[in-house]
Amino acid sequence: MRDCNLYTAVSIASVDNITLAGKLWHSSTTTTTYVDLPVLLFVHQYAQMGGQGALMEGMAAESLNYGFSALTFDLRGAGESEGTCTFTNQAELADVCAAIDFLVEKTSRDIFLIGSSGGAPLAGAALEHSRRVLGAAMIGYVWGWWASWLFGWAYPALTQSLKPKLFVVGDKDEFTSLAQYEERVPALPGVAEMKLIRGKNHFEIEASCYDKQIVLWLHEFMQTHQLGTTYETCKT
């Protein structure tokens, strides 16, 4: 169980009178030179296959070491949220937009999206929901032929957004081949980069042992492309 001192439980109002359960992560053990870092908004995996916000908490906790704050939450029908999850994940886009709106209302900071597996197309589809969204990192973006039957509705928004995009993929992914990633990522508009975890499949790269590496890549990507205020962190 995570240290409850690292987060505050929050409720997020989505459409259809659905209330989503979330956690707003903060750290009392990290000080930052600046307070203008983007808030990281984590979008969890496909709820039909057991995805829920708790699966993103390792990365959220790790991100505190870099001075970020973060929001994890359960999409409809997942974890402690109300409602029913959908087969195509399309209705869940409203939940991601509601989480963005929640952060816009509660903080003056910009927002960076991180989606994993079935949550990755949701993050990509929400890039243009608000000008406060700076970009997105997508872990195991599901782009293959079979996956397109479920998530193909989300692809156009990703291919039309100029905002920076970071992809983290396993070269043994069962849903999207490495060749597909190597063809599609460079073709995206704006900044689009890929980090490869070799010898691992779609589900293996979601393991908690990769949380530190993925957050490090995220941190480096945001620094390289100046997504947020330049800062230094130190543990006290």
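Quick note: structure is the one above.
Cut-off values and rules
Residues numbered from 1 in each chain as written. Predicted model: local features only at pLDDT ≥ 70, side-chain atom pairs only at ≥ 80, totals over all residues. Heavy atoms only, no water. Core = buried A, V, L, I, M, F, W, Y, C linked by side-chain atoms within 4.5 Å. Buried < 20%, exposed > 50% of the residue type's maximum accessible area, 1.4 Å probe, protein only. Helix = DSSP H or I, 4+ residues; strand = E, 2+ residues; numbered from the N terminus. Pairing = 2+ DSSP bridges. Axes fitted to C-alpha atoms, helices over the stretch in contact; angles between N-to-C directions. Polar contact = N/O pair within 3.5 Å; in protein donor to acceptor, adjacent residues only side chain to side chain. Right-handed = clockwise from strand over helix to strand, strands pointing away. Salt bridge = Lys/Arg side-chain N within 4 Å of Asp/Glu carboxyl O.

Colleague: Before we go on, may I ask you to explain the nonpolar core in this structure?
Modeller: Generally speaking, soluble globular proteins have nonpolar side chains that are buried together. Formed by 40 residues in total, the largest nonpolar core has its most connected members in Ile12, Leu41, Leu113, Tyr141, Trp143 and Phe167. Broken down by element, the residue count for this core peaks at six residues, all from helix α2 (residues 92-106). Grouped together as the second largest cluster of nonpolar side chains are 30 residues, Met56, Leu134, Ile139 and Phe221 included.

Colleague: Help me out: how do you make sense of the sheet that holds strand β6 (residues 111-116) in this one?
Modeller: Strands in a sheet are paired, the pairing made by backbone hydrogen bonds, and the direction either parallel or antiparallel. On the basis of which strands lie adjacent, the open sheet formed by eight strands has the order β1-β2-β5-β4-β6-β7-β8-β9 and mixed pairing. The open sheet terminates on both sides in strands that have one partner only, identified here as β1 (7-13) and β9 (192-197). Within this sheet the neighbouring strands show an average axis-to-axis angle of 20°, counted without direction. In this structure, β6 lies alongside strand β7 (residues 133-139), joined through six bridges in parallel fashion. Opposite Ile111, over in β7, you have Val133 as the bridge partner.

Colleague: Help me understand the environment of Lys165, please; the structure alone is not making it clear to me.
Modeller: Position of Lys165 relative to the elements: it lies in strand β8 (residues 165-170). As for Lys165 and Pro189, which are separated by 24 residues in sequence, their C-alpha atoms are 9.4 Å apart. For Lys165, the side chain forms a polar contact with the main-chain oxygen of Ser161, separated by 2.6 Å.

Colleague: Looking at this structure, how should I read the pairing of strand β4 (residues 39-43)?
Modeller: In the case of a regular strand, side chains alternate between the two sheet surfaces. Counting buried residues along β4, five of its five residues qualify, which places the element largely inside the surrounding structure. Both faces of β4 are covered, namely the face carrying Val39, Leu41 and Val43 and the face carrying Leu40 and Phe42. The pairing of β4 with strand β5 (residues 69-73) spans four bridges and is parallel. Each residue of the ladder has a partner; that of Leu40, found in β5, is Ala70. Handedness of the crossover joining β4 and β5 through helix α1 (residues 57-63): right-handed. Across five bridges, the pairing between β4 and β6 is parallel. Within the sheet, the bridge partner assigned to Val39 lies in β6 and is Ile111.

Colleague: What's the story with the pairing of β6 in this structure? I'm lost.
Modeller: Burial analysis of β6 places six of its six residues in the buried class, the great majority of the element. Judged by which residues are buried, β6 turns out to be covered on both faces: Ile111, Leu113 and Gly115 on one side and Phe112, Ile114 and Ser116 on the other are all buried.

Colleague: What should I look at first to understand the pattern of salt bridges in this one?
Modeller: Two side chains that carry opposite charge are able to pair once their charged atoms sit near each other. Scanning the model with the defined rule gives five salt bridges in all. One salt bridge connects Arg76 with Asp95, and the closest N-O pair in it is separated by 2.9 Å. Residue Arg76 is found in the loop between β5 and α2, and its partner Asp95 is found in helix α2; the two are separated by 19 residues along the sequence. Overall, the relative accessible area of 4% leaves Arg76 in the buried class. The buried category is assigned to Asp95, whose relative accessible area is 0%. Close ionic contact of Asp110 with Arg132 constitutes a salt bridge, the shortest N to O distance being 3.7 Å.

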